[in-house]
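Structural description and commentary
One-letter residues, chain by chain:
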Amino acid sequence: EESEKWDGVVDSVMQVHAKGQPVLVGTRNIHESEKLARTLVAAGARVELLNARRVQEEAGIIAQAGRKGQITIATNMAGRGTDIRLEDGVGELGGLHVIVSERHDSGRIDRQLVGRCARQGDPGSAQLFTSVEDSVLVKHTYDWLRYFIRDLLTKHKSAARWLLLWVTQRAQKNAETLSFRQRKNVLRVDTWLEQSLTFGDPEKMS
């Protein structure tokens, strides 16, 4: 369930934070990032929130994500291009811990977010959370399959988790294929319009 997934994200953040290890949580949208931030603050944590409403500050915020005890929540790949350097002593704690709170339509974005830990030989770790109610699964997987996985989770968790991982990867591939076809169709229409609306050389027409 979606609520159980977010409970798991919060628990993971607080457990890692208790060790002093910095945490970077990636969310899909502003609403999710702000809701998660409120939950963590209510639990007693201090959070740095990075989303589209703080664009001018994003480089500075993300650059501090490697400080001891820091909790940073960022939408998608906000702050990309900015190095996250670990504060002295953080490496001994395990380095930066990255949490992907929801799988994106493109698996590449997930990999980029995970790749923000353990850069340049630094230690680090990552977790990826998935729910059958995640957008990519709702849009690109059969409803009956999602219901089957949900039911299986109550009986055989290990099998259900393996199936959920496989289904998520297939859903992402379907989303990426659809996106590619849409871009290809747009390009085809643009090319057709350009050719159709091209006027003849005025000098030759006179």
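These lines cover the structure that appears in this document, whether it is placed above or below. (Residues numbered from 1 in each chain as written. Predicted model: local features only at pLDDT ≥ 70, side-chain atom pairs only at ≥ 80, totals over all residues. Heavy atoms only, no water.)

Brief notes about the pattern of salt bridges
A full pass over the atoms with the stated rule returns eight salt bridges. Close ionic contact of Arg 150 with Glu 133 constitutes a salt bridge, the shortest N to O distance being 3.5 Å. In this pair, Arg 150 sits in helix H7 (residues 143–153) while Glu 133 sits in the loop between strand S5 (124–128) and helix H6 (135–140), placing the two residues 17 residues apart along the sequence. Under the relative-accessibility criterion, Arg 150 is labelled partly exposed at 23%. By relative accessible area, Glu 133 is classed as partly exposed at 31%. Asp 151 is the salt-bridge partner of Lys 155, the closest N and O atoms lying 3.0 Å from each other. Judged by its relative accessible area of 55%, Lys 155 falls in the exposed class. Several salt bridges converge on common partners, so that one network encompasses Glu 2, Lys 5 and Asp 134. (Salt bridge = Lys/Arg side-chain N within 4 Å of Asp/Glu carboxyl O. Helix = DSSP H or I, 4+ residues; strand = E, 2+ residues; numbered from the N terminus. Buried < 20%, exposed > 50% of the residue type's maximum accessible area, 1.4 Å probe, protein only.)

Topic: the packing of aromatic side chains
On inspection of all chains with the given rule, the structure shows one aromatic pair. Ring geometry for Tyr 142 and Trp 144: centres 6.2 Å apart, planes at 15°, overall stacked. (Phe/Tyr/Trp six-rings, centres within 6.5 Å; stacked < 30°, edge-to-face > 60°.)

Some details on the sheet that holds strand S2 (residues 48–50)
As summarised here, the arrangement of the five strands in space is S2-S3-S1-S4-S5, forming an open sheet in which the pairing is parallel. Looking at which strands have only one partner, the edges of the open sheet turn out to be S2 and S5. Ignoring strand direction, the axes of neighbouring strands in this sheet form an average angle of 15°. Here five bridges tie strand S1 (residues 23–27) to strand S3 (residues 71–75), and the two strands are oriented parallel to one another. Across the sheet, Gly 26 pairs through a bridge with Ala 74, a residue of S3. Packing of helix H2 (residues 30–42) onto the sheet brings it into contact with S1, S2 and S3, and relative to S3 it is tilted by some 165°. Strands S1, strand S4 (96–100) and S5 of the sheet are contacted by helix H5 (residues 107–114), whose axis makes an angle of about 160° with S4. (Pairing = 2+ DSSP bridges. Axes fitted to C-alpha atoms, helices over the stretch in contact; angles between N-to-C directions. Contact = heavy atoms within 4.5 Å.)

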